[in-house]
Amino acid sequence: MRLNLTVNGRPMTADDVWEGESLLYVLRERLGLPGSKNACEQGECGSCTVYLEGVPVCACLVAAGQAQDREVGTVEGLADEDELSPVQRAFVDAGAVQCGFCTPGLLVAADDLINRVPDPSDAEIREALAGNLCRCTGYEKIMEAVREAAAEKTGSSSEGGRR
Amino acid sequence: MSPRSSSTAPTANHAHTRERGAPMSNTHTTPTHRPQHLDEEIAGGVGESPLRPDGSLKVRGDFAYASDLWAENMLWGATLRSPHPSARIRSIDVGPALRMDGVRAVLTAEDVPGRNLYGLKDLDQPVLAEDVVRYRGEAVALVAADHPETARRALDLVEVDYEVLEPVLDAERAAHDDSLPRVHPGGNTVRYQPIVKGDPDAEADVVVSGTYTVGMQDQAFLGPEAGLAVPAEDGGVELYLATQDLHTDRKQTAAALGLDPEQVRMTMSGVGGAFGGREDLSVQVHVCMLALHTGRPVKMVYNREESFFGHVHRHPATMYYEHGATRDGDLVFVRARLYFDGGAYASKTPVVVGNGTTLGVGPYSVPNVRIEGWGMYTNNPPCGAMRGLGAVQPAFAYESQMDRLAEELGMDPVRLRIRNAISRGDSTPSGQVLDYPAPVAELLRRVRELPLPRESTAESTNPDIRDLPGGASNTTHGEGVVRGVGYGVCIKNICYAEGADDFSTARVRLQVVAGEPIAMVHTAAAEVGQGLVTVQQQIARTELGVERVNIHPNDTSVGPAGSSSASRQTYVTGGAVQAACRAVREQVLERVAQRCGDPVERLSLSGGKVVSETSGVLADLAEVLGSEVVEATREYHHRETFPLDEQGHSERAQVQHAFSAHRAVVDVDTELGLVKVVQLDCSQDVGKAVNPDAVVGQIQGGSAQGLGLAVMEEIQVDGGRIRNPSFTDYLIPTILDMPPMNVDVIERGDPNAPYGVRGVGEPPTISSTPAIVAAIRAATGKALEHVPVGPEHIVE
Ligand code: FES
Ligand code: FES
């Protein structure tokens, strides 16, 4: 089938898409956007998290056809050209990235959280990111990064969110 | 036909662009006449925490991992795996699969062009099974097709006729029962090693014993096994892949392909974690075979289920321990028998036995010892390297024993440990004198002093149920919840051991680009997430006094670096980079010395200048270099080690030892058996923290893996079959499971190591597990002789 969708604000088309292909496969293999990751393809790890119509979903669980004429947002769309987004900046600064395979999904989930909840508590951060596995960091620096990004977002950070 | 990565991956590994916000100044340092002062002004050197050079690419989603690669005209590979733990292959018919639309190749053992055997220590594993299969999941045939789904479906059409055989499933039985079938012709013992010290039959006032078992743990790195092979014009192949050790992969792959090593050129792609699980071959030979056969680029990516079958796991172990002590609490003897289930192929089993036995009494001084270790072949899934190799299992046992002994003696468990702690100048049971700091007692004291959480959530008037065992499942509001505190401490050897010369190689080049002196560091050392790229930059900055350091992509065009394992890379590759930088520096300074007459020893590089001790700044480095390129390649060999004799003695079996201590605080719902780790604290000696922030990251991540083993992670194997090969059923800690940590890092430098470093990555994985289990015991009073601890062990 032919799939038309908008990714990161740009209309895109994929041809010869199989019935069984996931949105994740289409993004990674047909649209040249491998930023969203494929750690389990079973909806368990969150590494494939993307925005679908503004709501974070596991792209591996979304059938490609379900994205027809929809808006998709991926990690590649978080930065504003050269300027990293607050969560991206905070992940780099806090050392929340080791191998980085979990990072794209975590960034979308964290971006969603700080857009929804102005000043999330630790319990809220943990709850929001509970579907995103990271095997490297032990999550401590991810917590730091999200706190930092949230603070920057609400402008309450003393030094503009820089550590 | 270049992989998609060719435009991004190399930049991914370069460090041209400094991260915004990096704690380094963009302005050049202004030299004064005080060289020491200058040294302080080159930011981002050894001992600081500059940001990783690949961080920006990783957060943008632009970092090319092995599974992201793509090439024009590319095919997809898939692997057919044995459904039986033990069977004879009567016949294989690839015809129906080959006839399927879109299928380009179906290959079996007959198509292996070279030696159909590989292995890290013993050559015992076929690339594709020949006449027998020895485990459920063993590779039997390969398919290449236009679409990954086509390749997977074609696997179902490969017809294999198996004669099912009786599997060997019990490692301990295999060690003593010669009537069992032989998994390999040479018998079922991969390695037996005893360690005997003093009078192993000594008697003591107080004796405690226990039998401890450790389940099979998975590395569960998130980035799946993947590689892209591109056939080359010279009949060779280019392989882009995720691995821990390029050169060992190349050696094994070339032999299996029947090619010269020079014809197999490997380039590292982004690696999504490793933890030991990428030491053995997975896709390497397979994907190259398919590419060479079809003449087209072929990509292979395992899905999560296949990943569970496609790499080795942590050895499950059964361990019998007996500890004897005086009434005052001095250890008199330790006797132990350790059985490690290596599964179908040897992989790192010999090393697991070596580490397990030599480190089997823990970081304690014990006069009389008898430890015996068996590493066995069975028809269970193959086991090999995982973080804490061979040291994790006995640590759970010996630390459990120390707690049991403390209880028997009526003594505080930390005091008992401190009383028996090994220290500098003591010798290990194998007879190696620790000729460097061994601050075990200090670590225990420090971790005990770290702040405790204020109160049990269960006791607070208005508990947030998310902080209680069971969390948001709302299983308790505090009733039945008991708090416990426990401690654990461990010892781990760093680098390869028992006579291995696991050296590393670095090539360093210094030249002027656009008016600025720039260093480039080229090694084959795998960046698997740990931050080795940052460490290499830091070392070059410190040694060469330049700010800009680029990291060349890892490939096989430079000498071997050995594996990113055994907590060894900062030590050996750090040592190689240091040595190569110093050689480059020497060349530059000699040039200046000739010109100005100052002896080389008085000169140094600092802040982009050549500085003399006596007369201050002599010249700009850029000016001295001009258009010349100064380059040096150096190997770093750690000090020599020696094999163990038949009594387990060796003057120096291991290069270095590292130590960490954990304290765990848990809340246990004693009615449901649910555990919430409330806080997990760690004190660790890292010798020298080359990058303090990254060190803390290693300790946090390692502790999380130890937490996983303590309370949730186990590959369930039943009749040789893995029952839970998915993240749905094999649970690893989430952000809800991992508590806040106090991390306390001390630096008691090892005089034998570059900058005094001590391996960092493994110890925290080792001591966290026993600490957590001790805390659960303190809360429940249960014996808890198996990890992971499940609700069924608490509610019996
Ligand atoms: S890849 Fe989609 S949740 Fe794991
Ligand atoms: S950084 Fe490796 S999985 Fe999170």
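Residues numbered from 1 in each chain as written. Chains lettered and ligands numbered in written order. Predicted model: local features only at pLDDT ≥ 70, side-chain atom pairs only at ≥ 80, totals over all residues. Heavy atoms only, no water.

Residues and elements named next belong to chain B. Buried residues dominate strand β24 (residues 656-669), accounting for 14 of its 14 residues. Across the two faces of β24 the burial is the same, with Gln656, Ala658, Ser660, His662, Ala664, Val666 and Val668 and His657, Phe659, Ala661, Arg663, Val665, Asp667 and Asp669 all buried. Direction of pairing for strand β16 (residues 481-494) relative to β24: antiparallel, over a ladder of 14 bridges. When the sheet's bridge partners are listed, Gly486 is paired in β24 with Ala664. Both β24 and strand β25 (residues 674-685) contribute to a ladder of 10 bridges, which runs antiparallel. Across the sheet, Ala661 pairs through a bridge with Ser683, a residue of β25. The turn joining β24 and β25, which pair antiparallel and follow one another in sequence, is formed by four residues; a positive phi near 75 degrees is taken by Gly673. (Buried < 20%, exposed > 50% of the residue type's maximum accessible area, 1.4 Å probe, protein only. Helix = DSSP H or I, 4+ residues; strand = E, 2+ residues; numbered from the N terminus. Pairing = 2+ DSSP bridges.)

Residues and elements named next belong to chain B. Domain assignment breaks chain B into domain 1 (65-164 + 228-271 + 278-309), domain 2 (317-497 + 643-795) and domain 3 (504-636). Each of domain 1 and domain 3 has a C-alpha centre, and these two points are 39 Å apart. Taken together, the contact pairs 13 residues of domain 1 with 15 residues of domain 3. At the boundary of domain 1 with domain 3, total buried surface from both sides reaches about 1000 Å², with 54% on carbon and sulfur atoms. (Domains from an automatic or database assignment. Contact = heavy atoms within 4.5 Å. Buried area = accessible area lost by both parts, 1.4 Å probe.)

To continue, consider the pairing of strand β13 (residues 317-325) of chain B. Residue and element names in this part refer to chain B. Summarising the sheet, strand β8 (residues 206-214) and β13 pair through nine bridges and their orientation is antiparallel. Of the residues in β13, the one forming a bridge with Val207 is Gly324. Relative to strand β14 (residues 331-341), β13 runs antiparallel, the two being bridged by nine bridges. If you follow Met319 over to β14, its bridge partner there is Leu338.

Let's shift gears to the environment of Asp341 of chain B. Residue and element names in this part refer to chain B. Looking at where Asp341 falls in the secondary structure, it is placed in strand β14. Classification of Asp341 as buried rests on a relative accessible area of 7%. Once the C-alpha coordinates of Asp341 and Arg448 are considered, the two residues, 107 residues apart in sequence, prove to be 35 Å apart. When neighbours within four sequence positions are excluded, Asp341 is seen to be in contact with Leu169, Ala171, His315, Pro316, Met376, Thr378, Asn380 and Cys383. Within polar-contact distance, the side chain of Asp341 engages the side chain of Asn380 at 2.7 Å. (Polar contact = N/O pair within 3.5 Å; in protein donor to acceptor, adjacent residues only side chain to side chain.)

The subject of this paragraph is the interface of chain B and chain A. On the side of chain A, 56 residues touch chain B, which itself brings 67 residues to the contact. Taking both partners together, chain B and chain A bury about 4900 Å²; carbon and sulfur atoms supply 55% of that area. Taken together, chain B and chain A are joined by five salt bridges. For Lys299 of chain B, the salt bridge identified is with Glu29 of chain A, shortest N-O distance 3.4 Å. Viewed at the interface, chain A and chain B are joined by 27 residue pairs in polar contact (both at pLDDT 80 or more). Put simply, the parts of the chain that give the side of chain B that touches chain A at least two residues each are α3 (55-60), α5 (148-155), β12 (298-301) and α17 (692-711) of chain B. Sort the elements by how many residues they give to the side of chain B that touches chain A and α17 of chain B lands first, with eight residues. Residue classes in the side of chain B that touches chain A are distributed as 28 nonpolar, 22 polar and 17 charged. (Salt bridge = Lys/Arg side-chain N within 4 Å of Asp/Glu carboxyl O. Nonpolar A, V, L, I, M, F, W, Y, C, P; charged D, E, K, R; others polar.)

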